[in-house]
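What follows is each chain in one-letter form.
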Amino acid sequence: MTNRIFVARIPWTICKIALKSHFSKFGPVSDGYVVLDRITKRSKGYGFVTFDNAESAQNAVNSAHEMDGRQLVINLKLINNNNNNNNNNNNNNNNNNNNNNNNNNNNNNNNNNNNNNNNNNNNNNNNNNNNNNI
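Quick caveat, the model's predicted, so the values are computed rather than measured.

Q: Please give an account of the side chain of Ser56 that cites residues and values.
A: Within the fold, Ser56 resides in helix α2 (residues 54–61). Within the structure, Ser56 has its side chain in polar contact with the side chain of Asn53 (distance 2.7 Å). Setting aside its immediate chain neighbours within four residues, Ser56 contacts Phe26, Gly27, Pro28 and Phe51.

Here it is as structure tokens:
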């Protein structure tokens, strides 16, 4: 089970300190993060809270939350970042293998074409030699 929760509908006036403070009544909080817009540096209205243990996170999810008159939406963060990275790496490896196979096939086709051309040239040379003998 995860100890990180997703928090939506956070009022724009709330900072990460206030977010951590609000959720600390459910257990020890190791991190609170409010997602900010890159350009305006204003809150996007959602964030994450990481508890020291999964039980505290579950207790927070099971409770109703309100900040500055807004009802918050709380969910457990189910996707672990490490799993995503592993999946992406596997996909990249598969793509690289496919590219290598395509390159090998192209090289084989080119070699076959070159061999055919060489054979044709040899046949032409033989025909020319035969004509000279007449």
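Q: Give a description of the side chain of His65 that names residues and reports values.
A: Tracing the chain through its elements places His65 in the loop between α2 and β4 (66–67). One polar contact links His65 to His22, side chain to side chain, over a distance of 3.1 Å. Engagement of the side chain of His65 in a polar contact is seen with the backbone oxygen of Ala60, the distance being 2.6 Å. With residues near it in sequence (within four places) discarded, His65 still touches His22, Phe23, Phe26, Ala60, Arg70, Gln71, Leu72 and Ile74.

Q: Give a description of the pairing of strand β2 (residues 29–36) that names residues and reports values.
A: Pairing between β2 and strand β3 (residues 43–51): 6 bridges, direction antiparallel. The residue of β3 that forms the bridge with Tyr33 is Phe48. Joining the antiparallel neighbours β2 and β3 is a turn of 6 residues, in which Lys41 adopts a positive phi near 65°.

Q: Could you give an account of the packing of aromatic side chains, naming the residues involved and the relevant values?
A: One pass over the full model with this rule turns up 4 aromatic pairs. With a centroid separation of 6.4 Å and 85° between ring planes, the pair formed by Phe23 and Phe51 is classed as edge-to-face. Separated by 28 residues along the polypeptide, Phe23 in helix α1 (residues 16–23) and Phe51 in strand β3 bring together distant segments of the chain. Members of the aromatic cluster, each reached through a chain of ring pairs, are Phe6, Tyr46 and Phe48. In this structure, Arg4 is placed above the aromatic ring of Phe48, and the distance from its NZ or CZ to the ring centre is 4.8 Å.

Calculation criteria
Residues numbered from 1 in each chain as written. Predicted model: local features only at pLDDT ≥ 70, side-chain atom pairs only at ≥ 80, totals over all residues. Heavy atoms only, no water. Helix = DSSP H or I, 4+ residues; strand = E, 2+ residues; numbered from the N terminus. Polar contact = N/O pair within 3.5 Å; in protein donor to acceptor, adjacent residues only side chain to side chain. Contact = heavy atoms within 4.5 Å. Pairing = 2+ DSSP bridges. Phe/Tyr/Trp six-rings, centres within 6.5 Å; stacked < 30°, edge-to-face > 60°. Lys NZ or Arg CZ within 6 Å of the ring centre and 35° of its normal.

So yeah, pure geometry; function would need other evidence.
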